[in-house]
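In case you want the letters, here they are:
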Amino acid sequence: MMLAYPAAGVLLILAWIYPSHALYFHIGETEKKCFIEEIPDETMVIGKYRTQLWDKVTSSFLAATPGLGMHVEIKDPDTKIILSRQYGSDGRFTFTSHTPGEHQICLHSNSTKMALFAGGKLRVHLDIQVGEHTNNYPEIAAKDKLTELQLRARQLLDQVEQIQKEQNYQRYREERFRMTSESTNQRVLWWSIAQTLILIVTGIWQMKHLKSFFEAKKLV
C-alpha cells in the first residue's frame, strides 16, 4: 500500500510532462524503422507523421511529393498484426490496444516511389499520442457544450482513468516478473537436487567399484 501513492504521483507527473512522444528519423529506400511502445490494455493510440525528402540542389529537406507513400504496420505483444496499411506522404493512424505490453510500430517507404529519387534520403517526423492525450478537448467541449469547469473535470477524469490503466499495467508486469522469477528459482532448485542425486549415485558407484576392485585383488 505504501508504494501505491508514490507510484501514482510519478505517473501523474509523467502524464503532465510527457503528453506525447515526438521525434524524427531518417530512412532510405526499402529501409524499415520500428519502435517499441509499452501500452496498457484498452488504450487508444494516435500516430501522426509527415515526410521530407532530401533535396541535393538546396541541400535541405523539403516537403515530400504526394505520390510518396508510407506503409505502417503495428503488432501487439503476441506479434499479431493489428494494423497494416499504406498511407500517403503525410498521414495519421489510429488503433486501440487489447493486450497490455510492448507494441511494435514499424514504418517504411514504398520503394517504387523512392526509386525516382536515387540515393535520396527521407526524414520522417513522428508524433505518437497515448491515452487521454488522444482526445481533442476543444472539439469535445464544442460538441457537448461544456463549460470550462466541466471540461477541466472531464480532463481530470480521463487522466485518472489513464493512471489507473498504467497502474494495472505495472501490476501486470510485476505479476509476470514474479512468475518468471518463481519459475527460474524452481528450475534452479530442481537442477541442484538433480546434481546432488548424481553426485550421490556417482559416489555409491565408485565405492562399489573400489570394493569390487579390492576384493578381486584380495586386498580386503
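Per an unreviewed UniProt entry, the protein chain is named GOLD domain-containing protein, and its organism is Eleginops maclovinus. As stated in UniProt under Sequence similarities (unreviewed entry), the record for the protein chain gives "Belongs to the EMP24/GP25L family."

Caption draft 1: How the structure looks around the state of the cysteines. Going through the model one piece at a time under the given rule, you end up with 1 disulfide. With a sulfur-sulfur separation of 2.0 Å, Cys 34 is cross-linked through a disulfide to Cys 106. Handedness here is read from the sign of the S-S torsion; for Cys 34 and Cys 106, about 110°, the answer is right-handed. One end of the pair, Cys 34, is in strand β2 (residues 32-39); the other, Cys 106, is in strand β8 (residues 101-109), and 72 residues separate them in sequence. Residue Cys 34 is classed as partly exposed on the basis of its relative accessible area, which comes to 38%.

Caption draft 2: Examining the pattern of salt bridges more closely. If you walk through the whole model with that rule in mind, you get 6 salt bridges. Glu 73 is paired through a salt bridge with Lys 32; the nearest N and O atoms lie 3.7 Å apart. Taken together, the residues span a long stretch of sequence, with Glu 73 in strand β5 (residues 70-75) and Lys 32 in strand β2 at a distance of 41 residues. Judged by its relative accessible area of 15%, Glu 73 is buried. For Lys 165, the salt bridge is made with Glu 161, and the minimal N-O distance between the two is 3.9 Å. Linking Lys 165 with Glu 161, this pair stays in helix α4 (residues 148-216), spanning 4 residues, or about one helical turn. What you see here is one network of salt bridges that share partners, running through Glu 175, Arg 178 and Glu 182.

Caption draft 3: Spotlight on the UniProt feature "transmembrane region" (unreviewed entry) in the protein chain. Here, UniProt's "transmembrane region" (unreviewed entry) annotation points to residues 188-207. Between the C-alpha atoms that bound residues 188-207 the distance is 28 Å, and the span itself is 100% helix and 0% strand.

What counts and how
Residues numbered from 1 in each chain as written. Predicted model: local features only at pLDDT ≥ 70, side-chain atom pairs only at ≥ 80, totals over all residues. Heavy atoms only, no water. UniProt positions renumbered as here; feature names shortened; annotations may be inferred. Disulfide = S-S within 2.5 Å. Helix = DSSP H or I, 4+ residues; strand = E, 2+ residues; numbered from the N terminus. Buried < 20%, exposed > 50% of the residue type's maximum accessible area, 1.4 Å probe, protein only. Salt bridge = Lys/Arg side-chain N within 4 Å of Asp/Glu carboxyl O.

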